[in-house]
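Examination of the molecular architecture
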Amino acid sequence: MNGSDVDASDMSADLAKVLLSEDEIQAKLAELAARIDSDYAGLDPLLVGVLKGAVIVMADLTRHLHTSAEVDWMAVSSYGSGTKSSGVVRILKDLDRDISGRHVLIVEDIVDSGLTLSWLVANLSSRGPASVEVCTLLRKPDAAKVEVGLRYVGFDIPNEFVVGYGLDYAERFRNLRVVGTLAEHVYMS
């Protein structure tokens, strides 16, 4: 096995269950990319990835695209108590380019409460783009606190804490090629 072959079996003792396999994720990203290719044909979209979680989703989604698309990144931090977001957001890394007149597609790994994403959509919309839409690999409908228009959704998942495919627990597990839930011993220790 080489370093690029990290899969669920490498960390199987730390996973309670695998929700989505690598094949399921790649098939869904190919499907989303085909829709994006069709919807943005001739529009020169700007894909905005939200760091850190969306790095892997963004990389694989863009590789499935046949439309030329620029990419840029934002990093935001939301404040709240513990693991709960309040929706109060601070920009840690802003876009490197002006987006006025551009068709912007925010790429997310997961949407749960929607508070931070709602703020981000409003912030980017205030900068004069032609459009702002959202693509997310995962959505937790039962966790939503605000309604955010999501144009492209890969999978709806239960309101459980998930890791893998960019999602982390204490900065670990992002490199898994699957999405799964953690075994209790990981977060109880």
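Residues numbered from 1 in each chain as written. Predicted model: local features only at pLDDT ≥ 70, side-chain atom pairs only at ≥ 80, totals over all residues. Heavy atoms only, no water.

At their nearest, the axes of helix 1 (residues 22-39) and helix 2 (residues 54-64) sit 8 Å apart, and the two run at 60 degrees to each other. Between helix 1 and helix 2, the angle falls in the class oblique. By crossing handedness, the relation of helix 1 to helix 2 is classed as right-handed. Contacts between helix 1 and helix 2 involve Q26, L29, A30, L32, A33, I36 and D37 from the first element and V57, D60, L61 and H64 from the second. Of the residues belonging to the contact of helix 1 with helix 2, the class tally is seven nonpolar, two polar and two charged. (Axes fitted to C-alpha atoms, helices over the stretch in contact; angles between N-to-C directions. Helix = DSSP H or I, 4+ residues; strand = E, 2+ residues; numbered from the N terminus. Parallel < 35°, antiparallel > 145°, perpendicular 65-115°, else oblique. Left-handed = near helix turned anticlockwise from the far one by under 90°. Contact = heavy atoms within 4.5 Å. Nonpolar A, V, L, I, M, F, W, Y, C, P; charged D, E, K, R; others polar.)

By size, the foremost hydrophobic cluster in this structure holds 25 residues, and its most contacted members are L29, I36, L61, L137 and L138. Mapped onto this core, the elements with two or more residues apiece are helix 1, helix 2, strand 5 (103-111), strand 6 (131-139) and strand 7 (152-156). In terms of residue count, helix 1 provides more of this core than any other element does, five residues in total. With residues near it in sequence (within four places) discarded, L138 still touches L20, D109, I110, V111, F155, I157, V162, L167 and V179. Ranked by size, the runner-up nonpolar core spans 19 residues in total, among them V48, I99, I106 and V121. (Core = buried A, V, L, I, M, F, W, Y, C linked by side-chain atoms within 4.5 Å. Buried < 20%, exposed > 50% of the residue type's maximum accessible area, 1.4 Å probe, protein only.)

Glancing now at the environment of M58. Here M58 lies in helix 2. Taking the C-alpha atoms as reference, M58 lies 8.2 Å from L47; in sequence the two are eleven residues apart. The contacts of M58, once residues within four sequence positions are left out, are L47, V48, G49, V71, D72, W73 and V107.

Evaluation of the coordinates by the stated rule reveals one aromatic pair. The ring of F155 carries the charged tip of K28 above its face, separated from the ring centre by 5.4 Å. (Phe/Tyr/Trp six-rings, centres within 6.5 Å; stacked < 30°, edge-to-face > 60°. Lys NZ or Arg CZ within 6 Å of the ring centre and 35° of its normal.)

Taken across its nine residues, strand 5 has nine buried, putting it largely inside the fold. Relative to strand 6, strand 5 runs parallel, the two being bridged by eight bridges. Among the inter-strand pairings, L105 is bridged to a residue of strand 6, identified as E133. At this point the chain moves from strand 5, through helix 3 (residues 115-125), to the parallel strand 6, and the crossover so formed is right-handed. (Pairing = 2+ DSSP bridges. Right-handed = clockwise from strand over helix to strand, strands pointing away.)

Okay, the sheet that holds strand 1 (residues 15-20) next. Here we have three strands laid out as an open sheet, ordered 1-9-8, and antiparallel in their pairing. Each edge of the sheet is formed by a strand with only one pairing partner; in this case those strands are strand 1 and strand 8 (162-163). Sheet topology places strand 8 next to strand 9 (residues 179-182); two bridges connect them, and they run antiparallel. Its bridge partner being in strand 9, V163 is matched across the sheet by G180.

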